Amino acid sequence: MYTMYEALARERTQEHAALAAQHRLSQQLVQARRWHRLAAYSAHRAARSERRLAEQLGADYQLVG
């Protein structure tokens, strides 16, 4: 009788470990996706800022020249 409960407990422990591993993997994928979107947004904003700065410098140069 005890061996049946031991086997059941062992099986539930293995299932719990597998579910925990799946949960960790899904959380890692969510975090990677979030960081990827943040990096893309930051790169887009940096490029936009550089373009505006170049335009302003060009306009300032035309005023001086």
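Everything discussed here concerns the structure shown above.
The structure presented is a predicted model; accordingly, all values stated were derived computationally and were not measured.

Participant: Please set out the overall build of the protein chain residue by residue, giving values where relevant.
Facilitator: Per the secondary structure count, the protein chain includes one helix and zero strands. In terms of overall dimensions, the protein chain is more spread out than a globule: its C-alpha atoms have a radius of gyration of 28 Å, far above the 11 Å expected for 65 residues. The principal-axis extent of the C-alpha atoms belonging to the protein chain is close to 95 × 10 × 5 Å. Put simply, the protein chain has 65 residues, and 0% of those count as buried. Accessible surface, the protein chain as shown: approximately 6400 Å² in total, 59% of it carbon and sulfur. Each charge class in the protein chain was averaged separately, 10 positive and 6 negative side chains, and the resulting centres sit 5 Å apart.

Participant: Which residues make up a positive patch on the surface, and what values go with them?
Facilitator: There is a patch of like positive charges on the surface, built from Arg-45, Arg-48, Arg-51 and Arg-52. Note that Arg-52 resides in helix H1 (residues 2-64).

Participant: Would you mind going over a nonpolar patch on the surface in detail, with residue names and values included?
Facilitator: A contiguous nonpolar surface patch, about 320 Å² in accessible area, is contributed by Met-4, Tyr-5 and Leu-8. Mapping Tyr-5 onto the fold places it in helix H1.

Participant: Account for the environment of Gln-62, naming residues and giving values.
Facilitator: Positionally, Gln-62 belongs in helix H1. Taking the relative accessible area as the measure of exposure, Gln-62 reaches 66% and is therefore exposed. Counting along the chain gives 18 residues from Gln-62 to His-44, while the straight-line C-alpha distance between them is 27 Å.

Participant: Go over the environment of Ser-26, please, and point to the residues and values.
Facilitator: Mapped onto the elements, Ser-26 comes out in helix H1. A polar contact of 2.8 Å, which involves the side chain of Ser-26, links it to the backbone oxygen of His-23.

Cut-offs and rules
- Residues numbered from 1 in each chain as written.
- Predicted model: local features only at pLDDT ≥ 70, side-chain atom pairs only at ≥ 80, totals over all residues.
- Heavy atoms only, no water.
- Helix = DSSP H or I, 4+ residues; strand = E, 2+ residues; numbered from the N terminus.
- Rg over C-alpha atoms; globule rule 2.2 N^0.38 Å.
- Buried < 20%, exposed > 50% of the residue type's maximum accessible area, 1.4 Å probe, protein only.
- Areas by Shrake-Rupley, 256 points an atom, 1.4 Å probe, with all protein chains shown as cover.
- Lys, Arg positive; Asp, Glu negative; His and termini not counted.
- Charge placed at Lys NZ, Arg CZ, Asp CG, Glu CD.
- Patch = residues over 30% accessible without salt bridge, like charges linked within 9 Å, V, L, I, M, F, W, Y side chains within 5 Å.
- Salt bridge = Lys/Arg side-chain N within 4 Å of Asp/Glu carboxyl O.
- Polar contact = N/O pair within 3.5 Å; in protein donor to acceptor, adjacent residues only side chain to side chain.

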